[in-house]
Amino acid sequence: MPSETKQNGRVGAALVVGGGIGGMQAALDLAGGGIKVYLADSKASIGGVMAQLDKTFPTNDCAMCTMAPRLVEIGRHKDIEILTLSDVERIEGRPGNFTVTISRRPRFVDESKCTGCGTCVANCPTQTRVQPVEVPAAEIEPSLRVKVANIIARHKNRQGPLMPILQEVNAALNYFPEAVLKYISQETGYPFTHVYRIATFYSAFSVVPRGKYVINVCMGTTCYVRGSERLMDRFAETLKIRPEETTPDMLVTLKGVRCIGCCGLAPAVMVGDSVYGRLTVKEVAGIAKKYAGGNNHGKVNAG
Ligand code: FES
C-alpha cells in the first residue's frame, strides 16, 4: 500500500482494520478530518456482526437503521477506500509513518462494473439449483379476494408494486391473513417468503389480528431514557393487557415501537395520526380509556 506523504513528512493516510460498526465510524471520523482512509476487512463486505442483527440491546433499535446511513456515507466518501476480502500480511515502519502489506483474495467479478443486481447469481451455470418449495394456492374468501384483487390491479403495473399493495391492504384489513399474503404472492409473482418478510419487518404491519386502534408507545432510545417504559406499564395496567396484546373486544392493541420520528417530544405515543408528546404517567389512563371506549377523537398534542 503506498504511503501518502505530506510536505512535513507526516503520513496522511490511515488504515482501519475491521469494517464493523466501530471500524466504519472510525473511518468516517478520520475521513471527516481530511485523512485518506483505507478500510480493510477480511470478509466480502463491510458491516461486521451488526449486519447480521435485527435489533440491538438494550433499546431494541433497528440495527440496519443504525448502520445503513454509515454504509452509504462510506460508499460515497471520496477519501475512503474499502478493501474487502483483504488480510493484513505485514506492517513496517513506526507510528505515524508505516507501510502495510495487504493481500486481497479474488472476488471473481469486476467490482467496477458490478451493480449488485444479483442477475449473475440467478444465472450462474455452476450453481446447484434447488427447486423452490411449492406454496399451496391461497384459499381466500371470495369477497376478500375481490377486495385484494382490486388493490393489486391498481398497483400491479407500477415500478416496485409490492410495498404500495401491502400498505393499502394493511389499511383495509388492519392485518395480513396468511391466505392474503399467499394471494398477493401468486398475483404479483414475488416469492411468498419475500412478501412474508416485508409483512413481518415493519411495525406498521401485522400478521395477527389487531384492534381498531393501535396504541404505539415509542420505546426508541430517546423516549426510553425519558421514561416510556413507565408509560407502557401504565397503559398495560389500565387496559388490562400486556404489550403486543389486544383487548378482548378487538378495540385496542398495545404495542411497543422504535422511534416514531418525534424525539423532540419524547416520551411520545402515537395512535393513528394522533401524536401524544411529552406524555406523563398521569395522562396515560385518560388516553387509554378514550380509545378503549371507542372514541378516536384524540387530541393531537404536538407541543
Ligand atoms: S425515540 Fe421516541 S420518537 Fe424518537
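Computed from a predicted model, the values in this text were never measured in an experiment.

Cut-offs applied
- Residues numbered from 1 in each chain as written.
- Predicted model: local features only at pLDDT ≥ 70, side-chain atom pairs only at ≥ 80, totals over all residues.
- Heavy atoms only, no water.
- Helix = DSSP H or I, 4+ residues; strand = E, 2+ residues; numbered from the N terminus.
- Buried < 20%, exposed > 50% of the residue type's maximum accessible area, 1.4 Å probe, protein only.
- Areas by Shrake-Rupley, 256 points an atom, 1.4 Å probe, with all protein chains shown as cover.
- Contact = heavy atoms within 4.5 Å.
- Axes fitted to C-alpha atoms, helices over the stretch in contact; angles between N-to-C directions.
- Parallel < 35°, antiparallel > 145°, perpendicular 65-115°, else oblique.
- Left-handed = near helix turned anticlockwise from the far one by under 90°.
- Nonpolar A, V, L, I, M, F, W, Y, C, P; charged D, E, K, R; others polar.
- Phe/Tyr/Trp six-rings, centres within 6.5 Å; stacked < 30°, edge-to-face > 60°.
- Lys NZ or Arg CZ within 6 Å of the ring centre and 35° of its normal.
- Polar contact = N/O pair within 3.5 Å; in protein donor to acceptor, adjacent residues only side chain to side chain.
- Core = buried A, V, L, I, M, F, W, Y, C linked by side-chain atoms within 4.5 Å.
- Pairing = 2+ DSSP bridges.
- Salt bridge = Lys/Arg side-chain N within 4 Å of Asp/Glu carboxyl O.
- Expected span 1.5 Å × (residues − 1).
- Arc of directions from axis to C-beta.

A. Summary view of the overall build of the chain. Along the chain, the regular secondary structure elements total 10 helices and 11 strands. In the chain, which comprises 303 residues, the share counted as buried stands at 37%. Accessible area for the chain stands at about 18100 Å²; split by element, carbon and sulfur atoms hold 55% of it.

B. Focus on the environment of Ile152. The residue Ile152 is located in helix 4 (residues 142–155) in this model. With 10 residues separating them in the primary sequence, Ile152 and Leu162 have C-alpha atoms 8.7 Å apart. Once you skip the residues sitting within four places of it in the chain, Ile152 turns out to touch Ile165, Tyr183, Ile184, Glu187 and Thr188.

C. Spatial organisation of the packing of helix 4 against helix 6 (residues 178–188). Contact pair helix 4 / helix 6: the axes reach a minimum separation of 11 Å and the direction vectors enclose 45°. By the angle class used here, helix 4 and helix 6 are oblique. Between helix 4 and helix 6 lies a crossing whose hand is right-handed. Residues Leu144, Arg145, Val148, Ala149 and Ile152 of helix 4 lie in contact with helix 6, whose contacting residues are Val180, Tyr183, Ile184, Glu187 and Thr188. When the residues that make up the contact of helix 4 with helix 6 are grouped by side-chain class, the tally is 7 nonpolar, 1 polar and 2 charged.

D. Structural detail: the packing of aromatic side chains. What the rule picks out here adds up to 5 aromatic pairs. Ring centres of Phe176 and Phe205 lie 5.2 Å apart, and the angle between their planes is 75°; on these two criteria the pair is classed as edge-to-face. Highlighted residues: Phe176 in the loop between helix 5 (162–173) and helix 6 and Phe205 in the loop between helix 7 (192–201) and strand 8 (213–218), separated in sequence by 29 residues. Just as Phe176 is buried, Phe205 falls in that class too. Pairing Phe192 with Tyr196 gives two aromatic rings, centres 6.0 Å apart and planes at 35°, and the pair type is tilted. Of this pair, Phe192 and Tyr196 both sit in helix 7, 4 residues apart, which is roughly one turn of that helix. What links up through ring pairs into an aromatic cluster is the set Phe176, Phe201, Tyr202 and Phe205. Over the ring of Tyr38 we find Lys36, and its NZ or CZ is 5.2 Å from the ring centre.

E. Here's a closer look at the side chain of Thr84. Within the secondary structure layout, Thr84 lies in the loop between strand 5 (80–83) and strand 6 (86–94). For Thr84, a relative accessible area of 7% gives the class buried. One polar contact links Thr84 to Arg107, side chain to side chain, over a distance of 2.6 Å. The residues contacting Thr84, other than those within four sequence positions of it, are Asp41, Lys43, Ala44, Ser45, Ile46, Arg104 and Arg107.

F. Representation of the nonpolar core in the model. Counting residues in hydrophobic clusters, the biggest one holds 21 residues, and the most contacted among them are Ile215, Val217, Phe235, Leu254, Val269 and Leu279. Apart from the residues lying within four places of it in its own chain, the contact partners of Leu279 are Leu231, Phe235, Pro267, Val269, Val284 and Ile287. With 20 residues, the next largest nonpolar core counts Ile140, Val148, Ile184 and Phe192 among its residues.

G. Local environment of the pairing of strand 6. Both strand 6 and strand 7 (residues 97–104) contribute to a ladder of 8 bridges, which runs antiparallel. Bridge pairing in strand 7 links Gly93 to Phe98. Here strand 6 folds back onto strand 7 in antiparallel fashion, the turn holding 2 residues, of which Gly96 has a positive phi close to 100°.

H. A look at the pattern of salt bridges. The final tally for this structure, using the stated rule, is 9 salt bridges. For Asp79, the salt bridge goes to Lys78, with nearest N and O atoms at 3.2 Å. The partner of Lys255 in a salt bridge is Glu244, and the shortest N-O contact between them spans 3.6 Å. Of this pair, Lys255 sits in strand 9 (residues 252–257) while Glu244 sits in the loop between helix 9 (228–239) and strand 9, and the two are 11 residues apart along the sequence. Owing to a relative accessible area of 13%, Lys255 belongs among the buried residues under this scheme.

I. Region of interest: the sheet that holds strand 2 (residues 36–40). The sheet built from 3 strands is open, its strands ordered 1-2-5 with parallel pairing. In the strand order of this sheet, the two ends are held by strand 1 (13–17) and strand 5, each with one partner. Between one strand axis and the next, the sheet turns through 20° on average, direction left out of account. Of the pairings in the sheet, the one linking strand 1 to strand 2 comprises 5 bridges and is parallel in character. For Leu15, the partnering residue across the bridge sits in strand 2 and is Tyr38.

J. Summary view of helix 9. Compared with an ideal rise of 1.5 Å per residue, which puts 12 residues at 16 Å, helix 9 spans 16 Å between its outermost C-alpha atoms and is within 8% of the ideal. Those residues of helix 9 not exposed but buried are Ser228, Leu231, Met232, Phe235, Ala236, Thr238 and Leu239. Angular distribution of buried residues about the axis of helix 9 spans 165°; they occupy a single face of the element. Opposite the buried face of helix 9, by more than 90 degrees, sit the exposed residues Arg230 and Glu237. In this structure, the buried residues of helix 9 make contact with strand 8, helix 8 (221–225), strand 9, strand 10 (269–271) and helix 10 (281–292). Positioned one or two residues after helix 9, Lys240 has a phi angle of 60°, which is positive.

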